[in-house]
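Overview (structure and organization)
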Amino acid sequence: MKDIFKSPQAGSWLALWRHQQKMADVHMRDLFAIDPQRFERYSLRCGELFLDYSKHRVTDETMRLLVDLAQSVDLAGWMQRMRSGDKINLSENRAVLHTALRNRSNTPVLVDGVDVMPEVNVVLAQMRGFVERVRSGEWRGYTGETITDVVNIGIGGSDLGPMLVARALRPYAGKITPHFVSNVDGAHLFGNLERLDPKRTLFIVTSKSFTTPETLLNANSAKDWLLSHLQDPAAVAKHFVAVSTNTQAVSAFGIDTANMFGFWDWVGGRYSLWSAVGLAIAVAVGMDHFEALLQGAHEMDCHFFEQPFEQNIPVILALLGVWYNTCFGAHSHAVIPYDQSLARLPAHLQQLDMESNGKRVTRDGHTLDFDTGPVIWGETGVNCQHAFFQLLHQGTRLIPVDFIAPLRSHFPVGQHHETLIANMFAQAEALMRGKSRAEAKAELEAQGLSGPALYSLLPHKLFPGNQPSNTILLEQLTPKTLGALIAMYEHKVFVQGIIWGLNSFDQWGVEYGKQLAKAIQPLLAGEQPAAGHDCSTAGLIDLYRQASRG
Ligand code: G6Q
């Protein structure tokens, strides 16, 4: 923690730290008891997205000190630098402009003095033309059949965001079914292919670099599968398109560059679903819905860039996260969507948050001596109530939770939606209130227990509560509200990175992973000793070789 107290923001941190000592024993149950207006005071809205952050271990003073902290790191200056195309991704010398991809106002955004909006609009128009041809049946496969299935082959940022959105927006889908293949495990690709008709399948190879080994292996295997059925290399042009920044590599793969959709080095992989990386989404739900997704994100961008910190949803979420992470030592943060179609949201946010802020050095290379980005994890409610919620209610750790749900369902679901939402509200309330000794005792007495039988059971029936949570409600899960929700998290992560002094936009840990297997793979197939590897790795290589020899 020495770093914090040596930093130019030491005064703000020190004030927060002192305040934390006052707040450490305060129970939220008491905060609610003394303030019936807490819900009104600690809730915010952006369009059709609503945040209740009243169930937090905070007072007005906490929020004031947290906002002071944001001001002390010049958050407003960094927001402006991101928005206006400054190269704030210092280790890669790149601008960070996912907001330009959804800049529906079309105001100019300059990178190196050049407005990027005309290029953004050209690719959107190219996407629209292609999407409409595929969806209308004008684009046909090699044998003249219309397309019924589209397979996105990509990994990491070229997979998780598009998959989340395509699944979440299933109620908006037309006749074309999207599939997502990411894992180099052949079971993923071939498990999908065995259900598909090559004559009616279109592959989108999505890779910013077009050098990612897993994606290229999957794309080559998909090409072999297609050619084994259609028997003519000319078929590839009718069944493969690419999304990439690497024209040369796309062409070398055999994809006609007329069917390549470009994007730019100022779009990070995990922030790229708003670009042509979202092509599979657009084919599935149509370009109008894809643009509504962009519009929702744009509205959240405007909210983020224009609202004062006290009323700014991503800023407030970020500050609350910093409060628990840095001041209370909370190590993780749970994301629990009460909506089955958001099942991949935790996975997307894991990448977004942990790849952005899972870092130990500051922007200028100084190694930090305090914890930064938390472990993000989660599952859909109510399933997780029947699993890990035990630990949230009665475990030993402080784990802030995001509860997320739409107020209205798309489906004629009778009691299902009410039951779902009742469970979510009940969990958030129980985590906040807990169950006191007196309450638990009264319950046991009402069941007829007394004496030793009651007192031996009593400790197991106590719930300490005071577990903080956000409740994030969408009017309905629509392209627009989903766009706003994802953009909200992107900005939250950015704010936290600024407060901890990180560059949230590089990913050298991921790049390292791309190199690692290269040295070992030839050894698995060969005979030569695994020289240069430790005895554990060499022993494992040997076991694999023995197994593959049968
Ligand atoms: C995201 C990361 C990483 C990346 C994948 C795929 O921010 O950079 O997850 O998206 O490694 O990279 P390509 O799109 O270049 O294949």
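Residues numbered from 1 in each chain as written. Predicted model: local features only at pLDDT ≥ 70, side-chain atom pairs only at ≥ 80, totals over all residues. Heavy atoms only, no water.

1. Comments concerning the overall build of the protein chain
Scanning the protein chain from terminus to terminus reveals 24 helices and 13 strands. Taking 2.2 N^0.38 as the reference for a compact globule, 550 residues should give roughly 24 Å; the C-alpha atoms of the protein chain span a radius of gyration of 26 Å, in line with that estimate. For the protein chain, the residues scored as buried account for 53% of the 550 residues in total. Long-range contacts, defined here as pairs at least 24 residues apart, represent 74% of the contacts in the protein chain between residues at least 6 apart. When the 48 basic and 55 acidic side-chain charges of the protein chain are each reduced to a single mean position, those positions are 2 Å apart. (Helix = DSSP H or I, 4+ residues; strand = E, 2+ residues; numbered from the N terminus. Rg over C-alpha atoms; globule rule 2.2 N^0.38 Å. Buried < 20%, exposed > 50% of the residue type's maximum accessible area, 1.4 Å probe, protein only. Contact = heavy atoms within 4.5 Å. Lys, Arg positive; Asp, Glu negative; His and termini not counted. Charge placed at Lys NZ, Arg CZ, Asp CG, Glu CD.)

2. A look at the sheet that holds strand β8 (residues 240-244)
Across the sheet, which stays open at both edges, the five strands sit in the order β6-β5-β7-β8-β9 with parallel pairing between neighbours. Each edge of the open sheet carries a strand with a single partner, namely β6 (177-181) and β9 (260-262). Across the sheet, the mean angle separating the axes of adjacent strands is 20 degrees when strand polarity is ignored. For strand β5 (residues 149-153) and strand β7 (residues 201-206), the ladder comprises five bridges, and the chain directions are parallel. (Pairing = 2+ DSSP bridges. Axes fitted to C-alpha atoms, helices over the stretch in contact; angles between N-to-C directions.)

3. What to know about the sheet that holds strand β1 (residues 43-46)
Pairing is mixed in the open sheet, where six strands are placed in the order β1-β2-β13-β12-β10-β11. Among the strands making up the open sheet, the edge pair consists of β1 and β11 (375-378). Each neighbouring strand pair of the sheet contributes to a mean axis angle of 20 degrees, computed without reference to strand direction. The pairing of strand β10 (residues 332-337) with strand β12 (residues 401-408) spans four bridges and is parallel. Residue V335 lies in a different strand from β12, and its bridge partner there is D402. Against the sheet, helix α22 (residues 479-500) contacts β2 (49-52), β10, β12 and β13 (469-476), and its axis sits at roughly 150 degrees relative to β13.

4. What to know about unusual backbone geometry
With an omega of 5 degrees, the peptide bond between G381 and V382 qualifies as cis. Relative to the elements of secondary structure, V382 occurs in the loop between β11 and α18 (389-394). Although it is not a glycine, N93 sits at a positive phi angle of roughly 50 degrees. Position of N93 among the secondary structure elements: in the loop between α6 (75-83) and α7 (98-101). Positioned with a positive phi, N106 is a non-glycine residue whose angle comes to about 65 degrees.

5. Some points on the pairing of β12
Burial runs high along β12: six of the eight residues are buried. Judged from the seven bridges that link them, β12 and β13 form a sheet pairing that is parallel. Within the sheet, the bridge partner assigned to D402 lies in β13 and is N470.

6. Here's the deal with the packing of aromatic side chains
Here the structure, examined in full by the defined rule, presents 19 aromatic pairs. Each ring, one from Y42 and one from Y53, has its centre 5.4 Å from the other, and the planes form 55 degrees; the classification is tilted. Here Y53 lies in the loop between β2 and α5 (60-72) and Y42 lies in the loop between α4 (38-41) and β1, a separation of eleven residues in the sequence. Judged by relative accessible area, which is 3%, Y42 ranks as buried. When its relative accessible area of 4% is taken as the criterion, Y53 is described as buried. On the numbers, 6.1 Å between centres and 80 degrees between planes, the contact of F210 with F253 is edge-to-face. Note that F210 is positioned in the loop between β7 and α11 (213-230) and F253 in helix α13 (residues 247-253), a separation of 43 residues in sequence. (Phe/Tyr/Trp six-rings, centres within 6.5 Å; stacked < 30°, edge-to-face > 60°.)

7. Considerations on the packing of helix α23 (residues 508-525) against helix α24 (residues 535-548)
At a minimum axis separation of 9 Å, α23 and α24 run at an interaxial angle of 40 degrees. In terms of orientation, α23 lies oblique with respect to α24. Along this stretch, α23 crosses α24, giving a crossing that reads as right-handed. Residues I520, L523 and L524 of α23 pack against T537, I541, Y544 and R545 of α24. Looking at side-chain class alone, the contact of α23 with α24 contains five nonpolar, one polar and one charged residues. (Parallel < 35°, antiparallel > 145°, perpendicular 65-115°, else oblique. Left-handed = near helix turned anticlockwise from the far one by under 90°. Nonpolar A, V, L, I, M, F, W, Y, C, P; charged D, E, K, R; others polar.)

8. Points about the site of the ligand
Close to the ligand lie 14 residues, the nearest being S158, S207, S209, T212 and Q351. In the environment of the ligand, an oxygen atom lies 3.5 Å from a nitrogen or oxygen atom belonging to the backbone of G269. The separation between an oxygen atom of the ligand and a polar side-chain atom of Q351 is 2.7 Å. Calculation on the ligand without its partners gives an accessible area of 400 Å², and the protein chains cover 92% of this total. For the shell around the ligand, the per-class residue count stands at one nonpolar, nine polar and four charged. (Near = heavy atom within 4 Å. Polar contact = N/O pair within 3.5 Å; in protein donor to acceptor, adjacent residues only side chain to side chain. Areas by Shrake-Rupley, 256 points an atom, 1.4 Å probe, with all protein chains shown as cover.)

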